[in-house]
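Chains, contacts and geometry: an overview
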Amino acid sequence: AGLARDVTAEKEGLLPQDPGEDRGPSASSTSCCRAVMQRAFLHEHNPDFAIDAELAVRGAVGMVVLGLPFLIPQGTSRFLDAFDSVGFYKLSVVTFFVLNIGRTLGETLAHCVGSIRGLSVAVLHMWVLYYFFPAGNTGDTPFTFWFGVIDGVLFITVVMALKLAMQTKLVSISWFVSWWMVFLKPGDDSFHFPGREGWDPLQDTGLCALLTVALGASLAMLGALVPYPLTAMENSRASSRELVDQMVSTWTLFLDFLSEETRHPYELDRFCRNLGRLDSMMHGLQEDLDHSWWECLGCGPAQRVRRKLRRLGHFIEDTYDCIYSVYAPCSKVDWGPEHAKFMAQMKPHFMELKDAMADVVRFIVQVSGDGTIGDAEEARITAGLARVRAADKTLYDQFVKARDVKLGVCESSPRHYVEAFDQLSPAHCLAFAMSTCAFECTDFGQSLIKSRSDPYFLPTPDVSSGIFHELVQGVTAFRYRNFVLRSVASIVVGFAVGLWGFKDLVDPYNSRIAKTIVVLVSPFAGSAIMKNIARLQGVVLGMAFGQIVKTVFQACDGAHVLALSASCFAYTAVTIYIKNHFHDRTATVGKLAAMFGISAMLNGKCAMMGDSIALDKEGSYESIISDMIACIIVVVVDEIYFPGRASSNAHEELDASFAKLLEAIGSHFDRDTADTRKRDKSLLSAFQKLYEHNDEAGDEPRWWRTPWKQDIFAQTADFLQRMRYNVRSLETAGATSFTQGGAKDQVFQALLESPGFQMLGQNLKDKVGIVRRLASVFVHETTKRFPLLEDKSTTMAFRDETERLVSEVMGEVAASKALQREGAVAVREDPVCRIIVQLAYVRSMFQDVREMQHNLLRAC
């Protein structure tokens, strides 16, 4: 989204040029072409629309060009006639191009490699099968037939069971079932083992399929390069610059919000919008870095750039955590004039620290473009980090000085710390978060400097497309085993129906039912009905619209050919845009409508003057019937091997998330645990899965059950996310190294010895336990009274006791020696600040749990 702004800014001289980029004529022409395209697609009004619209037009232009052999009548062009006569240039080349062209060259390569790998597995297996049975099933003996049946079932089972990428599985099995049906059907087979008698490389089905897909993949990659290259690496560079700007803007907005005389809700809304953009942009950088692996194959200067940008991504994630950690406890706190006066005095020092971090990170992003850092760049980075440390030290000195003057009491007075918590808690949370961010910034810069002598010091950004995952990792999990069982059973049953046929409804040796089931299988059984309906809509829409257009413009004269080409262009552009722009069932409709509509419009020859094309209405009807039967088979098999409804799975995941949260809280408040939890993403991934399960449960047919409480479930997941950030901040504030996994420091150990703090921890666990029990309302599916409403503990309030315990804890800690500030050089090292933010985060977690409790009680 930042490409146009970066190009414009560079032209106007607002941004320094990246020393790692070529600024010769070729690069200038590329930038000009990109700017023109973005202006044409209204990038300045809606970047998301511009990106998807440009990709749709690329795909539509490529489809028309590749479809010329099918659009132009035979005899018009010798070149096209010769090209069409090669044999392996088929309509599937065009559809493969349309379905696999991606937003970048790396994404396109990832799609194409997954498809080629799946097809290669199927072709190699069929070659081996025809090695032992050169003529296939001749019908002379049942041994060949049943051997082929068992072999096919085993092949499908193995491919579905292994942890291959889903695209690889679908492509492999969808091609295999067609050839499997040909093998079992008595007659002349076009499959032969290479080198044996009868094998013709230009006529062999397997080799022609490989050549077809390879040609389609090559053309899809060409589509990502013309008229200018859409590379994931360039997107990563642009995204990294945009991320840094967004990070600085977010910090600035929150500083302005906390500097207001009173809490301003509209300023908070602006900040939340920026925070959401920062989160989505982080995910975009992650995807671009993953896809950029395919553009460099993990080698050369591009890989060095990827390492540095991945390290930048980690820093942005840490910064996001810091920003969110101060947002969570401060977003619902009302402050008075004392806070406003204090922030007015401290804001210049906050801004200086923010600007120092922004300058050094921006420079690092610029010099990382070529993958190397020279002596001059290292010196400038070192100077920038020194400025960050100096600003951090100045902030600490001025913050402590202003705090002591503001409160006007001696350091040992318990009232000092109680008043500091009540009046200046938001300022302490902000100072601690910014100081921690400065620590992360310094570590980020030093890691890049160290990478000069040790290139492998930085993290390796591995591809995350599932290609290099362990093939058997997690295959024994219940849900995965159930998914494999349902998938294999559905495909085999569909294949059997197509093999033997069913009266006049299904002809024998029809593989379409099994091929349709391959794309219908879903890990979530309960919501498969809605997805299958969407797929059926795409199939019917594509076939019907394609046949209408083909009938209207069926003549061979130039006007009809031109009109048909224009219709193909417009239809392809719309369906590709729908496929890429939407991320729900609408995208599935667009994808299938594109595939079947293009096939219908390009299939068959044109009609001479006065003649007409006889539409294959019977074949279209049989295709729709086959798809309907496939949907019925999937639904029936899902009911037989029912793994549990999507709503039940969502509640189970929610309960497991509460259990993980309670485990994290217990570990933090445990005096016998010497270290904080090691940093991992188990808690984050568990909470993020809740949204996926919620969407699946929302698609589940409820029948006699009450509607799924989708909004309440999403709000509960949001609160859990906020609590995760609070837990992360608690652990950071309590660790000696200010990172998760470090030993609990002296200040936090003293805090853990406080009986009041232990009581706070126990109350928090009790409160979370109450909400965890109330969450069973999501599986209360009748209009009867919710049984837990009879339990008075579910409405138990802890607010008054929490405030009393906070005051007691401050008094207890103030009398201890843990608040001595010897050797502190940053706000994050200040004992008073660390204790205040600990209590602020605990109070914020109580507020979140309280709101969850109210939401769930309202839903009962």
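Residues numbered from 1 in each chain as written. Predicted model: local features only at pLDDT ≥ 70, side-chain atom pairs only at ≥ 80, totals over all residues. Heavy atoms only, no water.

Our focus in this paragraph is the overall build of the chain. Within the chain one finds 29 helices and zero strands. Considered along the principal axes of its C-alpha atoms, the chain spans approximately 100 × 70 × 50 Å. When the 860 residues of the chain are sorted by exposure, 54% land in the buried category. Within the chain, contacts between residues separated by at least 24 positions form 82% of all contacts whose residues are at least 6 apart in sequence. Between the centroid of the 86 positive side chains of the chain and the centroid of its 99 negative side chains there is a distance of 2 Å. (Helix = DSSP H or I, 4+ residues; strand = E, 2+ residues; numbered from the N terminus. Buried < 20%, exposed > 50% of the residue type's maximum accessible area, 1.4 Å probe, protein only. Contact = heavy atoms within 4.5 Å. Lys, Arg positive; Asp, Glu negative; His and termini not counted. Charge placed at Lys NZ, Arg CZ, Asp CG, Glu CD.)

Attention shifts here to the nonpolar core. Residues Phe350 and Leu430 are the most contacted members of the largest nonpolar core, which totals 134 residues. Here the element with the most residues in this core is helix 29 (residues 831-859); it accounts for 15 residues. Once residues within four sequence positions are removed from consideration, leucine 430 is found in contact with Trp251, Phe254, Leu255, Leu258, Val326, Met343 and Phe350. By size, the runner-up hydrophobic cluster in this structure holds 78 residues, among which are Trp179, Ala220, Ala594 and Met601. (Core = buried A, V, L, I, M, F, W, Y, C linked by side-chain atoms within 4.5 Å.)

Okay, a nonpolar patch on the surface next. Taken together, the side chains of Leu485, Ile632, Val636, Ile640 and Tyr641 define a hydrophobic patch exposed on the protein surface, amounting to about 460 Å² of accessible area. No other element matches helix 22 (residues 617-640), which puts three residues into the nonpolar patch. Locating valine 636 in the fold gives a position in helix 22. (Patch = residues over 30% accessible without salt bridge, like charges linked within 9 Å, V, L, I, M, F, W, Y side chains within 5 Å. Areas by Shrake-Rupley, 256 points an atom, 1.4 Å probe, with all protein chains shown as cover. Salt bridge = Lys/Arg side-chain N within 4 Å of Asp/Glu carboxyl O.)

The end-to-end C-alpha distance of helix 11 (residues 232-258), which contains 27 residues, comes to 38 Å, matching closely the 39 Å that a straight helix rising 1.5 Å per residue would cover. Among the 27 residues in helix 11, 23 count as buried, and that is most of the element. (Expected span 1.5 Å × (residues − 1).)

As a further point, take empty space enclosed by the protein. Per the stated rule, a full pass over the model turns up five cavities of 30 Å³ or more. Broken down by secondary-structure element, the contributors of at least two residues to the lining of the largest cavity are helix 12 (265-296) and helix 13 (300-330). Class assignment for the residues of the lining of the largest cavity results in five nonpolar, two polar and two charged. (1 Å grid on protein atoms, 1.4 Å probe; cavity = no way out; pocket = protein on both sides within 12 Å on 5 of 7 lines; lining within 4 Å. Points joined across faces, edges and corners; volume = space filled by probe spheres on them. Nonpolar A, V, L, I, M, F, W, Y, C, P; charged D, E, K, R; others polar.)

Summed over all chains, the structure comprises 34 aromatic pairs. Ring plane angle 10 degrees and centroid distance 3.8 Å describe the contact between tryptophan 180 and phenylalanine 495, whose orientation is recorded as stacked. Taken together, the positions of tryptophan 180 in helix 9 (residues 166-184) and phenylalanine 495 in helix 17 (residues 478-500) put the pair 315 residues apart, joining distant regions of the chain. In this structure, tryptophan 180 and phenylalanine 495 share a single accessibility class: buried. Residues phenylalanine 257 and tryptophan 335 carry aromatic rings whose centres are separated by 5.3 Å and whose planes lie at 75 degrees to one another, so their mutual orientation is edge-to-face. Taken together, the positions of phenylalanine 257 in helix 11 and tryptophan 335 in the loop between helix 13 and helix 14 (337-367) put the pair 78 residues apart, joining distant regions of the chain. Phenylalanine 257 gets classed as buried once you look at its relative accessible area, which sits at 0%. A relative accessible area of 9% places tryptophan 335 in the buried class. Through successive ring pairs, a cluster of aromatic residues spans Tyr130, Phe133, Phe143, Phe147, Trp175, Trp179, Phe183 and Phe191. (Phe/Tyr/Trp six-rings, centres within 6.5 Å; stacked < 30°, edge-to-face > 60°.)

Turning to the confidence of the model for the chain, a few remarks are in order. Per-residue confidence for the chain gives a mean pLDDT of 85, with 90% of residues at or over 70. Put simply, helix 1 (residues 3-12) is where the chain has its lowest mean pLDDT, 36, and helix 8 (residues 142-161) is where it has its highest, 95. Low pLDDT, under 50, characterises residues 1-26; the stretch is placed with 42 contacts to residues that sit more than four places away or in other chains. Note on residues 464-469: pLDDT is under 50 here. Beyond four places in sequence and across chains, it has ten contacts. (pLDDT = per-residue confidence, 0-100.)

Next up on the list: a negative patch on the surface. Taken together, the side chains of Asp504, Asp507, Asp616, Glu618 and Glu622 present a region of like negative charge at the surface. Assignment of secondary structure puts aspartate 616 in the loop between helix 21 (585-602) and helix 22.

Inspection of the entire model under this criterion finds 36 salt bridges. A salt bridge links glutamate 242 to arginine 277, with the shortest nitrogen-to-oxygen separation between them at 3.8 Å. Separated by 35 residues along the polypeptide, glutamate 242 in helix 11 and arginine 277 in helix 12 bring together distant segments of the chain. On the accessibility criterion, arginine 277 (36% relative accessible area) is partly exposed.

The relative placement of two packed helices comes down to the angle between their axes together with the axis-to-axis distance. Contact geometry for helix 6 (residues 91-100) and helix 10 (residues 205-223): axes closest at 8 Å, N-to-C directions at 40 degrees. Judged by the inter-axis angle, helix 6 sits oblique to helix 10. In this structure, the crossing between helix 6 and helix 10 has a hand that is right-handed. Along its contact with helix 6, which presents Ser92, Val93, Phe96 and Phe97, the element helix 10 presents Thr212, Val213, Leu215, Gly216, Ala217, Leu219, Ala220 and Gly223. Its residues assigned to classes, the contact of helix 6 with helix 10 comprises eight nonpolar, four polar and no charged. (Axes fitted to C-alpha atoms, helices over the stretch in contact; angles between N-to-C directions. Parallel < 35°, antiparallel > 145°, perpendicular 65-115°, else oblique. Left-handed = near helix turned anticlockwise from the far one by under 90°.)

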